[in-house]
Amino acid sequence: MKRKIPLYLFSFLVIASALPAQKANNCGFIIPPRTTLKTNFSSVYEARDIVNTMLDTIQWKENFQLQEQNGINNAYATIIRNRRYIVYDNDFLERVDGFAGTKWASISIMAHEMGHHYYNHVVSAGGSTLPKELEADGFSGYVMNRLGASLDQSLAAMQKIASDKASATHPGKQDRLAAITSGWNKARAEKLGGTNTGNGNGGTSTTTSDPNWIGLSMQSNQNQTVYLSDDGKTYQAAEIKAGETFVFKFEIYNYGWLRLPYYNGNRTFKLFHGKDYAIILNRKTKNWTVVEVPD
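None of the values given here were measured: they were computed from a predicted structure. (Residues numbered from 1 in each chain as written. Predicted model: local features only at pLDDT ≥ 70, side-chain atom pairs only at ≥ 80, totals over all residues. Heavy atoms only, no water.)

Enquirer: Help me understand unusual backbone geometry, please; the structure alone is not making it clear to me.
Expert: Most peptide bonds adopt trans geometry, and most residues besides glycine take a negative phi value. The backbone of Asn 82 shows a phi angle near 65 degrees, a positive value even though the residue is not glycine. Relative to the helices and strands, Asn 82 resides in the loop between β5 (75-80) and β6 (83-88). (Helix = DSSP H or I, 4+ residues; strand = E, 2+ residues; numbered from the N terminus.)

Enquirer: How should I be thinking about helix α4 (residues 130-147) in this particular structure?
Expert: In an α-helix, one full turn covers 3.6 residues, which means residues spaced three or four apart are oriented alike. Relative to the 26 Å expected for 18 residues at 1.5 Å per residue, α4 spans 26 Å between its end C-alpha atoms, a close match to the ideal helical length. Within α4, 13 of the 18 residues are buried, which leaves the element mostly enclosed by the surrounding structure. Within two residues after α4, Gly 148 carries a phi angle of roughly 105 degrees, on the positive side. (Expected span 1.5 Å × (residues − 1). Buried < 20%, exposed > 50% of the residue type's maximum accessible area, 1.4 Å probe, protein only.)

Enquirer: Mind showing me how you'd approach the pattern of salt bridges here?
Expert: Pairs can form between side chains of opposite charge once their charged atoms are near each other. The final tally for this structure, using the stated rule, is 6 salt bridges. Between Glu 190 and Arg 146 there is a salt bridge, and its shortest N-O distance comes to 4.0 Å. Of this pair, Glu 190 sits in helix α6 (residues 173-191) while Arg 146 sits in helix α4; the two residues are 44 residues apart in sequence, bridging distant segments of the chain. For Glu 292, the salt bridge identified is with Lys 275, shortest N-O distance 3.4 Å. Residue Glu 292 is found in strand β14 (residues 287-293), and its partner Lys 275 is found in strand β13 (residues 275-282); the two are separated by 17 residues along the sequence. Taking relative accessible area as the criterion, Glu 292 reaches 40% and is therefore assigned partly exposed. (Salt bridge = Lys/Arg side-chain N within 4 Å of Asp/Glu carboxyl O.)

Enquirer: Looking at this model, I keep getting lost on the sheet that holds strand β9 (residues 235-240). Mind explaining?
Expert: One key point about sheets: their strands pair by backbone hydrogen bonds, in either a parallel or an antiparallel sense. Spatial ordering of the open sheet is given by β9-β8-β11-β12, a layout of 4 strands whose pairing is antiparallel. The two strands at the open ends of the sheet, each matched to only one other strand, are β9 and β12 (265-272). Going from strand to strand, the sheet's axes swing by 35 degrees on average, the running direction of each strand aside. Where strand β8 (residues 224-229) meets β9, 6 bridges bridge the pair, whose relative direction is antiparallel. Residue Val 226 lies in a different strand from β9, and its bridge partner there is Ala 238. (Pairing = 2+ DSSP bridges. Axes fitted to C-alpha atoms, helices over the stretch in contact; angles between N-to-C directions.)

Enquirer: How should the pairing of β13 be read in this particular structure?
Expert: Sheet faces and side chains relate simply in a regular strand, where the side chains alternate between the two faces. Examined bridge by bridge, strand β7 (residues 213-219) and β13 share 6 bridges and lie parallel to one another. Among the inter-strand pairings, Met 218 is bridged to a residue of β13, identified as Ile 279. Here 7 bridges tie β13 to β14, and the two strands are oriented antiparallel to one another. Residue Tyr 277 lies in a different strand from β14, and its bridge partner there is Glu 292. Two successive antiparallel strands, β13 and β14, enclose a turn made up of 4 residues, where Lys 286 displays a positive phi of approximately 65 degrees.

This is the structure:
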């Protein structure tokens, strides 16, 4: 009989296939081999101390409780009897630490689960989705930087036990590593004094060190409407004013999409964070094109 999974359960990693001699749990997660490396979360009291330190670094008041449940080979954020929890298996976290070779691995997992509560994923409909998981990954990278972890330490768990390919509910390894890196870089930029007022819906920004922004300038004497997307599927309209730079952010991936009118319908451009692009009208063909502005 399969174990019933809670309706609002956001687990850390999904794996499509395991390495030789490794087992996967009933959610498909890699269960790393047993090691002698002791995790930071050997008791619920130590876990709470570490979590409180994470909360202090981002000045966020805890809205969940911790519950140790050995034998589940997992860690997840959920709601139990209308109360928020992070449920974790210390033995599983020890194995992840040993497999990754660093105690930062288990901390990054707990930070990921905190991210689900921080963004209220557990109270929204639909369960785990790719955008929700990537948002929690970005949160993990951000918190890890604030705690003093290096980028390699922040990526260690994901490097070892993430699936190369995406599933219906969890992203593939490279997108998850990119999301963690984005969050880590965002925290680093703040330490370096960068400020940012942009958001995923489009907006302005004054940062020069935050790599999550994409700058657009319209080579036209008229305002133009363009279409922006985070996932390459759903687009939203944004007006770029003539003579002004429009800066937008999509924090889930390290790139975004821009759609413009073309002679046969539309043309879509993939744009990378930390870059400036000029949108240019070809007066002969009346079609728009996009050119990267050199550094």
